[in-house]
Amino acid sequence: MLKNYLKTAFRGFRRQKSSFLINLSGLSIGLTCSFLIFLWVLDEMNVNKYHADTDRIVQIMEFQEYSEETFATLSTPGIIARNLKEEYPDFEYASNYTWNSDRLFSKDNLNYYENGLDVENDFFKILSIDLVYGNRDELLTEPNTVVLSEETAKKYFGETTNPVGEAITYNNTTELIVTGVFREMPDNSTFQFDVLLNYDDWLQTNEWASDWGNNGPRAIAKLIPGTDQNALNDKILNYVKEKDVEDDSNVEVFVYPFAERYLYGQFENKVQSGGRIEYVRLFIIVAIFVLLIACINFMNLSTAKATKRAKEVGIRKSIGASQGSLIGQFIGESMIISFFSLFISILFVELSLPVFNNITGKTISVDYSNPVLLSIFIGTVFITGLVSGSYPAFYLSSIEAVKSLKGSLKSSFKEVFARKGLVVFQFSLSVILIISTIIIYRQIQFTQQKNLGYKKENLVFFTVEDEIYDRWDTFKEQVEAIPGVQYVSRSSSTFLGRNSNTSGLDWENKDPDSRILFENVIADHDLKETMGFELVEGRFFSEEFGITDTSKIIFNERGIEVMGLEDPVGKVITLWDDYEMEIIGVVKDFNFQSLRSEVEPLFFRYRPDTGWRGFVRIESNNITSTLAALEDTYKSFNANYPFEYNFMDDQYASLYRSEIRIGELAKYFSIFAILISCLGLFGLSAFTAEQRSKEIGIRKVLGASVQSLVILMSKDFTKLVLISIFISIPVSWYLMDIWIDDFAYSSGIEWWVFIASGVCALIIAWLTVSWQSIKAALMNPVKSLKSE
Amino acid sequence: MIKLTNIDKYLDKKFQRTYILKDINLELEQGEFASIMGPSGAGKSTLLNILGFLDDANSGEYHFFDEPVHNLSEKQKSQYHKSHIGFVFQAYHLIDELTVYENIEMPLLYRKVKGSERKGMVAEILDRFNIVAKKDLFPHQLSGGQQQLVGVARALIGSPKLILADEPTGNLHSDQATEIMELFQKLNKEEGVTIVQVTHSEKMASYGNRIIKMKDGMLLENFPHMAD
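Residues numbered from 1 in each chain as written. Chains lettered and ligands numbered in written order. Predicted model: local features only at pLDDT ≥ 70, side-chain atom pairs only at ≥ 80, totals over all residues. Heavy atoms only, no water.

Participant: Would you mind showing me how to read the overall build of chain B here?
Facilitator: Looking only at helices and strands, one finds seven helices and 10 strands in chain B. Taken over C-alpha atoms, the radius of gyration comes to 18 Å for chain B, in line with the 17 Å a tight globule of 228 residues would show. Summarising its shape, the C-alpha atoms of chain B cover approximately 55 × 40 × 35 Å along the three principal directions. In chain B, which comprises 228 residues, the proportion classed as buried is 54%. Looking at chain B alone, contacts between residues at least 24 apart form 69% of all its contacts between residues at least 6 apart. (Helix = DSSP H or I, 4+ residues; strand = E, 2+ residues; numbered from the N terminus. Rg over C-alpha atoms; globule rule 2.2 N^0.38 Å. Buried < 20%, exposed > 50% of the residue type's maximum accessible area, 1.4 Å probe, protein only. Contact = heavy atoms within 4.5 Å.)

Listed below in structure tokens is the structure:
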């Protein structure tokens, strides 16, 4: 029996090549898209989950309450880990650690910046870090010690040497002893570093971090088995408030599962809300939709061709086939096609993975021995076969034998309606994707083109350290002399996100309960010119006034607004209870964070000799030679440092990396969605043209022009696409409104986007249909009339 | 073998009921070769379809070997199809994607006959119909007469008690038609297969031994007819 079905199926595919190919390619593309998405989702779900005892590893976090909002932060007092571990037996291991930054290492003329963190010994017991050399209990237990990654160790000590016990120079000043070598962290870890340094060394040079009132270092811990995290959170909630009695602390402490923080890491008013999981969900929905569009092709073509299959159904029924066996036969056929598509799509997936990895910034590969992956693949194919085969199967198998054998089968109104409905559904989804893509792209473009309040073009920055830090004025003079350099300045901010902030300000008529966070930026007198800030009132810091300007302060407009000061210039505010600072100017608001955030209050203080970040504004011509000269000057001061610099506009663009990724993905998926929809439309129009060939023949004999016939045949499909456009507009408007709401500054959603997308879909649909229509209209009417 | 009592078949439209069959009473004995005749629209095919369980009557009783068909479930009906009834169609109705051999084999598949047994049965019937050489051809490679021969072979392979033929020679020219009719006659006489055919042709009807005349959904006359 099975053989008989298979034969019928395969010979049928051969006879109706075009619809077979349409189904096969549609399903293959659909499956490829969804497999890629599933791979991505699996990868996202596994991030940070590979550590042993992953459910016991927690991030120690804080809620900080301010007048405007309460936010969750990773910043903690720098001694919280050891104290919690000592006072609460629930903590088996706990380690504070610092943030990723570039650290200069040297050995025998090799100078490199290595990405590193300062961690405590417990760090190695909390996370699963594979050791190549060294004893886990002795890592970083002594001052001036370091642990290197395998690659880093090879770079300085050669391929085969065990470097444990050897020395390496740090920051051109300190000799560090290597105590261990670890394997590189895997790609699905958010912790990535080349070197780990001793946290206690860091703590000694950063005394502020030992103060309960200051936050900065992060903290991670492993709890003892069976710890109730909620109960623990109740106990430690006021831990910092109790320690930090002299300040009026606004900090609440809690632990949050480390592995979950990746997908569920956002909080709104102390409640977990969203995070990357939203993108995961969104893309799962997109995958299902693309696949559904492909399934609909299958359903539509199968039911449209039902008249051809109906005879077979009639014969089989008259011979004694039950409806059940026919349903089985037809679902079986769609299963065959969908398993064919499986093999093609696996090929497609392998071919497209490099591009996909490039877009998503991942290193995904297909592990065919992974049972979860395999069952997802096969399950998807199975469901696809079932979904796309079910409607045709029930439809075909319910055809009455008498009618089908007499050839009096006509498409019922219900059936045509269903087919049209499915086309509308397909096109609605496609148009929604097109509209969304355009809006995402517009927003990305907007972020790049918006006037930020400073000039991000032709602005280079680098880290100021060692000789350049100490002899800044000389360095600055020499750089300013380079042709092509306009301004040189130093500051403490990157202007690409928050760097340092404080709520320790007092001003006249301040509401004693208010606690407002101000960004705290150190500036020199040329920062305004270098960055291109605009002054609204007063003046910027100036060399003329020299050292007296250190007791002056400059706010941004937002800062003045939240303090509610009228005529601010000349007024005095108190900083950290001790320093009286006179306001000398107001800078126009500029975006110093991604456009997701509003401009927040900010002030500048004058410390011309302490900024660690150097900015150089250059002319747009001869950039290469200007930079070469800059490097020479740099090297003449800091010979043992590699000169690493960045362009402000590049770094600014990278703030939107995830949006750009989403945009790229959305682009590809909407292209595929419309492609698959058009494949289906192409098949349907071929079918309609065939069905109406007699009508067209008669019309032609009676004198209809080719043009009028093409219009006649395109009319129905045009109507369907128009309906789809009307359905998709409100849906996509609603969805994109939610997305764009995340941005404090946005391009908005403009009406022309909908019109453009609609026209675009309509033109594509017309092109698809017209090929068949023109072919039918050009046919010799004698032929079509004879064929009846 | 077959007993129809007061069979009615009608279509209901808004305010009007159109009868296709009205008050049909008919008995058929085993071994009969009956021809239903009458003008277009007389209800011949509908009657044949009801006889073959492909269609249901709106009222009346139908006994098949004393089994009340009007009370049978779909499943039971499909059982009867498989074991008791063979169909022959005017348009042959072979499955285009299957070869002669596979078309003939198909009813056996639905009856779940074992592979080796199936082969023997198909070989035998191919042999009997002299179409062994054509067994691997597809329907469109055959002439109309040959296709109908395959159609008859397919109807016969399940050794049915009853063959229902809806204008089996309607699409054939006279030589081919004669061949099919002689085959029917032989099956009827030598193997005792009951045959009911619908035909427009007096000549074709004359191969049988009974003519049932119909008009406007009613039986006009109904008399035994002596062959030759």
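Participant: Just to check I follow, could you spell out the overall build of chain A for this structure?
Facilitator: When helices and strands are counted, chain A shows 25 helices and 26 strands. Counting only C-alpha atoms and orienting by the principal axes, one finds that chain A spans roughly 100 × 60 × 55 Å. Across the 788 residues that make up chain A, the buried fraction comes to 52%. Taking contacts inside chain A between residues at least 6 apart in sequence as the whole, the part at least 24 apart equals 78%. Surface summary for chain A: the accessible area is close to 34900 Å², and the carbon and sulfur share equals 54%. (Areas by Shrake-Rupley, 256 points an atom, 1.4 Å probe, with all protein chains shown as cover.)

Participant: In this structure, what is going on with a nonpolar patch on the surface? I would like to understand it.
Facilitator: A surface patch of nonpolar side chains, about 670 Å² in accessible area, is lined by I723, I727, V731, W733, Y734, L735 and I738 of chain A. Structurally, L735 of chain A is set in helix α23 (residues 706-740). (Patch = residues over 30% accessible without salt bridge, like charges linked within 9 Å, V, L, I, M, F, W, Y side chains within 5 Å. Salt bridge = Lys/Arg side-chain N within 4 Å of Asp/Glu carboxyl O.)

Participant: Looking at this structure, I do not really get the pattern of salt bridges. What am I missing?
Facilitator: A side chain of one charge can pair with a side chain of the opposite charge if their charged atoms are brought near each other. Residues and elements named next belong to chain A. Inspection of every chain in the model, using the stated rule, returns 32 salt bridges over all chains. Notably, a salt bridge pairs K154 with E159, separated by 3.9 Å at the nearest N-O pair. Looking at K154, the relative accessible area reads 27%, which means it is partly exposed. Each of the salt bridges in this network shares a partner with another, and the network as a whole consists of D43, E44, R276 and K362.

Participant: Honestly, the sheet that holds strand β4 (residues 59-64) of chain B in this entry has me stumped. Any pointers?
Facilitator: Sheet strands associate in pairs through backbone hydrogen bonding, adopting either a parallel or an antiparallel arrangement. All names here are of chain B. Sheet architecture is open: four strands sit in the order β2-β1-β4-β5, paired in antiparallel fashion. In this open sheet, the two edge strands, each paired with only one partner strand, are β2 (16-28) and β5 (67-68). Sheet topology note: the strand β1 (residues 2-13)/β4 ladder contains five bridges and is antiparallel. Bridging from a neighbouring strand, D8 pairs with S59 of β4. Packing against the sheet, helix α1 (residues 44-51) makes contact with β1, β2 and β4, and its axis sits at approximately 60° to β2. (Pairing = 2+ DSSP bridges. Axes fitted to C-alpha atoms, helices over the stretch in contact; angles between N-to-C directions.)

Participant: Honestly, the packing of helix α3 (residues 100-110) of chain B against helix α4 (residues 115-128) of chain B in this entry has me stumped. Any pointers?
Facilitator: If you want to describe how two helices pack, look at the angle between their axes and the distance between the axes. Residues and elements named next belong to chain B. Closest axis-to-axis distance for the α3/α4 pair is 10 Å, and the angle between their directions is 130°. The orientation of α3 with respect to α4, classified from their angle, is oblique. The two elements α3 and α4 cross, and the hand of that crossing is right-handed. Contacts between α3 and α4 involve V100, Y101, I104, E105, L108 and L109 from the first element and R118, K119, M121, V122, I125 and L126 from the second. The class makeup of the residues in the contact of α3 with α4 is nine nonpolar, no polar and three charged. (Parallel < 35°, antiparallel > 145°, perpendicular 65-115°, else oblique. Left-handed = near helix turned anticlockwise from the far one by under 90°. Nonpolar A, V, L, I, M, F, W, Y, C, P; charged D, E, K, R; others polar.)

Participant: Would you mind going over the confidence of the model for chain B with me for this structure?
Facilitator: Residues shown with low pLDDT carry predicted positions that ought not to be read at fine detail. All names here are of chain B. Model confidence for chain B is summarised by a mean pLDDT of 83, while 96% of its residues fall at 70 or above. At the low end of the mean pLDDT range in chain B sits strand β10 (residues 218-224), at 68; at the high end sits strand β8 (residues 194-198), at 91. Interface confidence in the predicted complex, given as ipTM, is 0.74; pTM for the same model is 0.77. (pLDDT = per-residue confidence, 0-100.)

Participant: Quick question: what am I supposed to make of the domain arrangement of chain A here?
Facilitator: Where interface size is quoted, it is often the accessible area lost as the parts come together. All names here are of chain A. Taken domain by domain, chain A holds domain 1 (1-47 + 272-410), domain 2 (54-262), domain 3 (422-452 + 650-788) and domain 4 (459-649). Centre-to-centre, using C-alpha coordinates, domain 2 lies 30 Å away from domain 4. Listed as interface residues are 16 residues of domain 2 and, on the opposing side, 16 residues of domain 4. Summing both sides of the interface, domain 2 and domain 4 together bury roughly 1200 Å²; the carbon and sulfur share of this comes to 44%. Along the contact surface separating domain 2 from domain 4 lie zero salt bridges. (Domains from an automatic or database assignment. Buried area = accessible area lost by both parts, 1.4 Å probe.)

Participant: What's the story with the packing of aromatic side chains in this structure? I'm lost.
Facilitator: Residue and element names in this part refer to chain A. This model, assessed by the stated rule, comprises 59 aromatic pairs over all chains. Relative to F604, the ring of F533 lies with its centre 5.7 Å away and its plane at 45°, an arrangement referred to as tilted. Here F533, found in the loop between α17 (527-531) and β20 (535-538), pairs with F604, found in strand β24 (residues 602-606); they are 71 residues apart in sequence, far enough to count as distant. Taken as a pair, F533 and F604 share a single burial class, namely buried. (Phe/Tyr/Trp six-rings, centres within 6.5 Å; stacked < 30°, edge-to-face > 60°.)

Participant: Would you mind going over the environment of G663 of chain A with me for this structure?
Facilitator: All names here are of chain A. For G663, the location among the structural elements is in helix α21 (residues 657-691). Using a relative accessible area of 0% as the deciding quantity, one classes G663 as buried. The sequence separation of G663 and I438 amounts to 225 residues, and the corresponding C-alpha distance is 8.5 Å. Leave out the neighbours within four places in its chain, and G663 touches T437, I440 and Y441.

Participant: Which parts of the structure should I look at to understand the nonpolar core?
Facilitator: The nonpolar side chains of soluble globular proteins are, as a tendency, buried together. F495, L527, M531, F533, F590, F604 and M648 of chain A are the most contacted members of the largest nonpolar core, which totals 107 residues. Considering each element in turn, this core owes the most residues, 14 residues, to helix α2 (residues 17-46) of chain A. Core analysis: the next-biggest nonpolar cluster, separate from the first, contains 35 residues, Y101, V113, I131 and A153 of chain B among them. (Core = buried A, V, L, I, M, F, W, Y, C linked by side-chain atoms within 4.5 Å.)

Participant: Explain the side chain of D526 of chain A here, please?
Facilitator: All names here are of chain A. With respect to the helices and strands, the residue D526 is situated in the loop between β19 (518-523) and α17. Overall, D526 belongs to the buried group, its relative accessible area being 17%. At 2.4 Å, the side chain of D526 forms a polar contact with the side chain of K476. Here D526 is in contact with K476, E480, V488 and S489, once residues within four sequence places are set aside. (Polar contact = N/O pair within 3.5 Å; in protein donor to acceptor, adjacent residues only side chain to side chain.)

Participant: What exactly am I supposed to notice about the side chain of D118 of chain A here?
Facilitator: Residues and elements named next belong to chain A. Position of D118 relative to the elements: it lies in strand β5 (residues 110-119). Given the relative accessible area of 3%, D118 is considered buried. Separated by 2.8 Å, the side chains of D118 and R103 make a polar contact. Contacts of D118, omitting those with residues within four sequence positions, involve N96, Y97, T98, R103, L197, N198, Y199 and W202.

Participant: I keep staring at empty space enclosed by the protein and nothing clicks. Help me out?
Facilitator: Vacant regions in the atomic arrangement are exposed by a probe of water-molecule size rolled over the atoms. Taken as a whole, this structure holds five cavities of 30 Å³ or more when the rule is applied. Empty space within the largest cavity amounts to approximately 150 Å³. Around the largest cavity sit 17 residues that line it, and I85, G86, P107, R154 and A155 of chain B are the ones nearest its centre. Of all the secondary-structure elements, those providing two or more residues to the lining of the largest cavity are α10 (306-319) of chain A together with α2 (74-84), β6 (85-88) and α5 (144-156) of chain B. Broken down by element, the lining of the largest cavity gets its largest block of residues, four residues, from α2 of chain B. (1 Å grid on protein atoms, 1.4 Å probe; cavity = no way out; pocket = protein on both sides within 12 Å on 5 of 7 lines; lining within 4 Å. Points joined across faces, edges and corners; volume = space filled by probe spheres on them.)

Participant: What is the right way to read a negative patch on the surface from this model?
Facilitator: A cluster of acidic side chains, namely D211, E246, D247, D577 and D578 of chain A, defines a negative patch on the protein surface. Classification of D577 of chain A as exposed rests on a relative accessible area of 61%. (Lys, Arg positive; Asp, Glu negative; His and termini not counted. Charge placed at Lys NZ, Arg CZ, Asp CG, Glu CD.)

Participant: Help me understand the pairing of strand β15 (residues 459-463) of chain A in this model?
Facilitator: One face of the sheet, then the other: side chains in a regular strand alternate in exactly this way. Residue and element names in this part refer to chain A. With four of its five residues buried, β15 lies for the most part within the structure. Here β15 pairs with strand β25 (residues 613-618) via five bridges, running antiparallel. Its bridge partner lying in β25, L459 is registered against R617. Of the strand pairs in this sheet, β15 and strand β26 (residues 645-647) are connected by three bridges, and their pairing is antiparallel. Paired with F461 across the strands is N646, a residue of β26.

Participant: I tried to follow unusual backbone geometry on my own but got confused; where do I start?
Facilitator: In terms of backbone geometry, most residues other than glycine have negative phi values and most peptide bonds are trans. Phi is positive for N622 of chain A, close to 55°, though the residue is something other than glycine. In this structure, N622 of chain A sits in the loop between β25 and α19 (623-637). Take N622 of chain A: its relative accessible area is 55%, and that puts it in the exposed class. The backbone of E167 of chain B shows a phi angle near 45°, a positive value even though the residue is not glycine. Along the chain, E167 of chain B falls in the loop between β7 (162-166) and α6 (174-191). Classification of E167 of chain B by relative accessible area gives buried; the value is 16%.

Participant: Looking at this structure, how should I read the interface of chain B and chain A?
Facilitator: Between chain B and chain A, the residue contacts involve 24 residues of the former and 25 residues of the latter. Buried surface at the junction of chain B and chain A, both sides included, amounts to about 2200 Å², of which 60% is carbon and sulfur. Ranking the residues of chain B by area buried against chain A places H93, E97 and Y110 of chain B at the top, with a combined share of 31%. Applying the counting rule to chain B against chain A returns zero salt bridges. Secondary structure elements with two or more residues in the side of chain B that touches chain A: α1, α2 and α3 of chain B. Considering every element that reaches the side of chain B that touches chain A, the biggest residue donor is α3 of chain B, with five residues.

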